[in-house]
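# Architecture at a glance
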Amino acid sequence: MGGKKIVCRCNDVTVEEIEALIDSGVTDIEELKRLLRIGMGPCQGRTCIPIVLSILARKTGKRQEEIPLPKARVPTRPVRVEVIVGGADE
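One structure accompanies this document, and this report is about it. Fair warning: this is a prediction, and the values are worked out from it, not measured in the lab.

## Concerning the pattern of salt bridges
- One pass over the full model with this rule turns up five salt bridges.
- The salt bridge involving Asp 12 is made with Lys 4; its shortest N-O contact spans 3.4 Å.
- Between Glu 65 and Arg 63 there is a salt bridge, with the nearest N and O atoms lying 3.3 Å from each other.

## Examining a nonpolar patch on the surface
- Together, Val 79, Val 81, Ile 84 and Val 85 give the surface a local cluster of nonpolar side chains, amounting to about 390 Å² of exposed area.
- Summarising the element assignment, Val 79 is placed in the loop between helix H3 (48-60) and helix H4 (81-85).

## Things to note about helix H2 (residues 29-36)
- Those residues of H2 lying buried are Ile 29, Glu 30, Leu 32, Lys 33 and Leu 36. With its buried residues spanning 160° around the axis, H2 presents them on a single face.
- Contacts from the buried residues of H2 go to strand E2 (13-14), helix H1 (15-23) and H3.

## Concerning the side chain of Glu 30
- Inspection of the secondary structure assignment puts Glu 30 in helix H2.
- Note on Glu 30: relative accessible area 10%, which makes it buried.
- If we skip the residues at most four places from it in the chain, Glu 30 touches Leu 69, Pro 70, Lys 71 and Arg 73.

Definitions and cut-offs
- Residues numbered from 1 in each chain as written.
- Predicted model: local features only at pLDDT ≥ 70, side-chain atom pairs only at ≥ 80, totals over all residues.
- Heavy atoms only, no water.
- Salt bridge = Lys/Arg side-chain N within 4 Å of Asp/Glu carboxyl O.
- Patch = residues over 30% accessible without salt bridge, like charges linked within 9 Å, V, L, I, M, F, W, Y side chains within 5 Å.
- Areas by Shrake-Rupley, 256 points an atom, 1.4 Å probe, with all protein chains shown as cover.
- Helix = DSSP H or I, 4+ residues; strand = E, 2+ residues; numbered from the N terminus.
- Buried < 20%, exposed > 50% of the residue type's maximum accessible area, 1.4 Å probe, protein only.
- Arc of directions from axis to C-beta.
- Contact = heavy atoms within 4.5 Å.

This is the structure we're talking about:
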C-alpha cells in the first residue's frame, strides 16, 4: 500500500518531491523552501522543517547540525509589540 508520503501538510509537499529536488542538485534549505514552500504554511515549519533537515542530511551525507536552519522572516506589515507578546488585541 504505497501512498504519498506527505512531509509538509500545510502545502502538501511529499518526500518524493523533496528528494527529486535534492537529486537535481538543490541542497540549500533556503532554496528548497522557496521552491516547495516548506515552512511557509500555518505551522511555520514546526512539523516539516525537522523532517526536511533529516532528508537533506541523509541524501547529502551531512549531519543535521551542519545544515543551517531557514531564516525567519519578519511580518510584511507593521505589528505593535503588544500584539506579538499578547498584551493587546489586534
